[in-house]
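Residues per chain, in single letters:
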Amino acid sequence: MTPYARRGVHGQTVQALAHRILGGEIPEGATLDLVALQGELDVSLTALRESLKVLAAKGMVDARQKRGTFVRARADWHLLDADVLRWQFEGGRTTEADRSLLRDLAEVRVIIEPAAVRLAAERRTDADLVALAAALDAMGQHDAGPAHAVEADLAFHRALLAATHNELLERMEMVIESGLAHRDRIVHSSPHSRDPVPAHRAVLDAVRDGDPSAAEAAMRALLDQAGRDLERIHGTDDTKGTGGT
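Since the model is a prediction, treat every value here as computed from it, not as a measurement.

A. The arrangement of the side chain of Gln225 in detail. Turning to its location among the elements, Gln225 is positioned in helix H11 (residues 212–234). Excluding its chain neighbours within four sequence positions, the residues that come into contact with Gln225 are Arg194, Asp195 and Ala199.

B. Region of interest: the pairing of strand S1 (residues 61–64). Pairing geometry for S1 and strand S2 (residues 68–71), over four bridges, is antiparallel. Each residue of the ladder has a partner; that of Ala63, found in S2, is Thr69. In textbook terms, the turn of a hairpin is the stretch between consecutive antiparallel strands, and for S1 and S2 this stretch comprises three residues, one of which, Lys66, has a positive phi near 70°.

C. The nonpolar core, seen in detail. Formed by 25 residues in total, the largest nonpolar core has its most connected members in Val117, Leu132, Phe156, Leu160, Val203, Val207 and Met219. Mapped onto this core, the elements with two or more residues apiece are helix H5 (96–123), helix H6 (126–139), helix H7 (146–162), helix H10 (197–208) and H11. If sequence neighbours within four positions are ignored, Met219 has contacts with Glu113, Pro114, Val117, His157, Leu160 and Val203. Within the second largest apolar cluster, 22 residues are counted, among which are Val14, Ile26, Met60 and Val71.

D. Focus on the packing of helix H2 (residues 34–41) against helix H3 (residues 45–57). Look at H2 against H3: their axes get within 10 Å of each other, and the N-to-C directions meet at 105°. In terms of their interaxial angle, H2 and H3 are classed as roughly perpendicular. Here Leu34, Leu37, Gln38 and Leu41 of H2 lie close against H3, whose contacting residues are Leu45, Leu48, Arg49 and Leu52. Along the lines of polarity and charge, the residues of the contact of H2 with H3 split into six nonpolar, one polar and one charged.

E. Molecular detail of the confidence of the model for the protein. Of all residues in the protein, 86% have pLDDT values of 70 or greater, and the mean over the chain is 86. In the predicted structure, residues 236–244 sits below a pLDDT of 50 and forms 23 contacts with residues beyond four places in sequence or in another chain.

F. Structural context of the packing of H7 against H10. Look at H7 against H10: their axes get within 12 Å of each other, and the N-to-C directions meet at 25°. Judged by the inter-axis angle, H7 sits roughly parallel to H10. Considering the relative orientation of H7 and H10, their crossing is left-handed. Residue-level inspection shows Asp153, Phe156, His157 and Leu160 of H7 in contact with H10, the latter providing His200, Val203, Leu204 and Val207.

G. How the structure looks around helix H1 (residues 8–22). Taking 1.5 Å of rise per residue, 15 residues should cover 21 Å, and H1 covers 21 Å from first to last C-alpha, within 8% of that figure. Considered for burial, the residues of H1 that qualify are Gly11, Thr13, Val14, Gln15, Leu17, Ala18, Arg20, Ile21 and Leu22. Structurally, H1 contributes buried residues whose contacts are with H2, H3, S1, S2 and helix H4 (82–89). Just downstream of H1, Gly24 is the residue with a positive phi angle, here 85°.

H. Structural view of the pattern of salt bridges. Tallied over the full model, the rule gives 16 salt bridges. Salt-bridge contacts for Arg72 lead to Asp76; the nearest nitrogen and oxygen are separated by 3.6 Å. In this structure Arg72 comes out as partly exposed when scored by relative accessible area, which is 26%. We classify Asp76 as partly exposed; its relative accessible area is 34%.

I. Inspection of the packing of aromatic side chains at higher detail. A complete count under the given rule lists zero aromatic pairs for this structure. The residue whose ring lies beneath Arg67 is Phe70, and the NZ or CZ to ring-centre distance is 3.7 Å.

J. Geometry of unusual backbone geometry. At Asp42, a residue that is not glycine, the phi angle is positive and equals roughly 55°. Here Asp42 lies in the loop between H2 and H3. Residue classification places Asp42 among the exposed positions, given a relative accessible area of 70%. One non-glycine residue, Lys66, adopts positive backbone phi at about 70°. With respect to the helices and strands, Lys66 occurs in the loop between S1 and S2. With a relative accessible area of 92%, Lys66 lands in the exposed category.

Rules used in this analysis
- Residues numbered from 1 in each chain as written.
- Predicted model: local features only at pLDDT ≥ 70, side-chain atom pairs only at ≥ 80, totals over all residues.
- Heavy atoms only, no water.
- Helix = DSSP H or I, 4+ residues; strand = E, 2+ residues; numbered from the N terminus.
- Contact = heavy atoms within 4.5 Å.
- Pairing = 2+ DSSP bridges.
- Core = buried A, V, L, I, M, F, W, Y, C linked by side-chain atoms within 4.5 Å.
- Buried < 20%, exposed > 50% of the residue type's maximum accessible area, 1.4 Å probe, protein only.
- Axes fitted to C-alpha atoms, helices over the stretch in contact; angles between N-to-C directions.
- Parallel < 35°, antiparallel > 145°, perpendicular 65-115°, else oblique.
- Nonpolar A, V, L, I, M, F, W, Y, C, P; charged D, E, K, R; others polar.
- pLDDT = per-residue confidence, 0-100.
- Left-handed = near helix turned anticlockwise from the far one by under 90°.
- Expected span 1.5 Å × (residues − 1).
- Salt bridge = Lys/Arg side-chain N within 4 Å of Asp/Glu carboxyl O.
- Phe/Tyr/Trp six-rings, centres within 6.5 Å; stacked < 30°, edge-to-face > 60°.
- Lys NZ or Arg CZ within 6 Å of the ring centre and 35° of its normal.

Take a look at the structure:
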């Protein structure tokens, strides 16, 4: 699915509403006071209604006669939607919902990426290897700052999924990247983060060698290390056993 274009007042209104709902400020089941929201957000009623249509398409709100517009149950939200995931992690919030979703995404990655990298080792092309090597080189530019480190890591994992040459796995990047970017921002902003290059290089070497078993083992080691990095920074066992880089 195509991510929502975040432009202008409309985009800002959609994000503001999404953040309030995902952060629990507007709870599940709550009926929205559109007039009050219009004043708080300083937008026209038409703009507000158009923004709510975006959230309705993502299962977050609905409208009924005699009840008005209300927040649907979390079970109805399209949590695998790339925008919903991005909105959940934006703004530097660290709610229990954020931590829980991050754990869930990490578990999904442990299921998907070791299997995906086996396919990448069998199917990678020269162009795939060039993309992976370029991402790894960018990852090694340690003085470029946290934002650069995050994008380099995303590019590496994106290239790995592309190297599977499986269209559905390639689309998983929109799910994986949101949690990965959030995790990376935490880790790469910490002075205690470890060099990610060796673990990623081991994955690339195995993919280049066309060795599926070695590639899977290297990916599992990378995910285990990433989980330990996050545990060390948080000082908790919240992510133990779920991995994530």
